[in-house]
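Listed below, chain by chain, are the residues.
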Amino acid sequence: MLLAVVGVGCGVAAYVGSVRQFDTMPVWPWASAQIKILRERLTFKRDMRTGRGTAKLVITATGIGSAEAFGVGSVFNSDESIDERMARVETRLQLLEERGGAEQARAEKAERLLEEQLAKQGRRLEEADEQLRALAKAVAVSSARLQLVGLILVGIGTMLMAVPTIVAAF
């Protein structure tokens with residue numbers, strides 16, 4: 001009989017451990033609700049004093065904005081010669097090429113940085129996945145082991161309880 005009680009205790013302990021580790025709900029919801037109701041009925045209500053008060057709330061905000069524009073609105077000035085205009089257009093084209101090259105270099109650098117971050121994130125996710133697999137395996141094995149020991153003890157206890165009945169039958 002003692003072995004049967006110990007076996008059932010091991011099974012209950014394994015169940016409670018599994019539920020507490022993997023579920024946010026209480027182990028026995030009906031018992032938890034009853035305990036909550038009982039606690040509400042047995043708590044003493046203290047006299048809470050209430051009063052009135054005043055407080056000042058001051059909200060202020062300011063904003064200043066300014067904008068300035070530089071540069072010439074037109075590509076060509078009316079008093080320039082064609083050579084001066086061409087020189088200015090070539091200068092602007094060179095400036096655009098330099099800006100384009102700088103932007104391309106910046107974009108390539110940002111792309112490399114994103115690729116590195118994605119690779120790091122992928123490694124972290126793989127490590128987290130492996131840890132999760134190991135945790136699930138450990139929980140399954142430990143819970144199953146405890147349940148198995150409990151069932152074996154229940155079986156042995158049941159067989160021992162049946163021995164006097166079998167002996168009395170002969």
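Here the structure is a predicted model, which means the values were calculated and not measured.

**Student:** Got a minute to help me understand the pattern of salt bridges in this structure?
**Tutor:** When the charged atoms of two side chains lie near each other, side chains of opposite charge can form a pair. One pass over the full model with this rule turns up 3 salt bridges. Here E103 makes a salt bridge to R106, at a shortest N to O gap of 2.8 Å. With E103 and R106 both in helix α3 (residues 82–169), this residue pair falls 3 residues apart, about one helical turn. Overall, E103 belongs to the partly exposed group, its relative accessible area being 44%. For R133, the salt bridge goes to D129, with nearest N and O atoms at 2.6 Å. On the criterion of helical spacing, the pair formed by R133 and D129 is a turn pair, its members being 4 residues apart in helix α3. Each of the salt bridges in this network shares a partner with another, and the network as a whole consists of D129, E130 and R133.

**Student:** How should I be thinking about a nonpolar patch on the surface in this particular structure?
**Tutor:** Together, L3, I152, I156, M159, L160, V163 and V167 make up a nonpolar patch on the protein surface, roughly 620 Å² of accessible area in all. Sort the elements by how many residues they give to the nonpolar patch and α3 lands first, with 6 residues. Examined against the element boundaries, I156 turns out to sit in helix α3. Residue I156 is classed as partly exposed on the basis of its relative accessible area of 33%.

The rules we used
- Residues numbered from 1 in each chain as written.
- Predicted model: local features only at pLDDT ≥ 70, side-chain atom pairs only at ≥ 80, totals over all residues.
- Heavy atoms only, no water.
- Salt bridge = Lys/Arg side-chain N within 4 Å of Asp/Glu carboxyl O.
- Helix = DSSP H or I, 4+ residues; strand = E, 2+ residues; numbered from the N terminus.
- Buried < 20%, exposed > 50% of the residue type's maximum accessible area, 1.4 Å probe, protein only.
- Patch = residues over 30% accessible without salt bridge, like charges linked within 9 Å, V, L, I, M, F, W, Y side chains within 5 Å.
- Areas by Shrake-Rupley, 256 points an atom, 1.4 Å probe, with all protein chains shown as cover.

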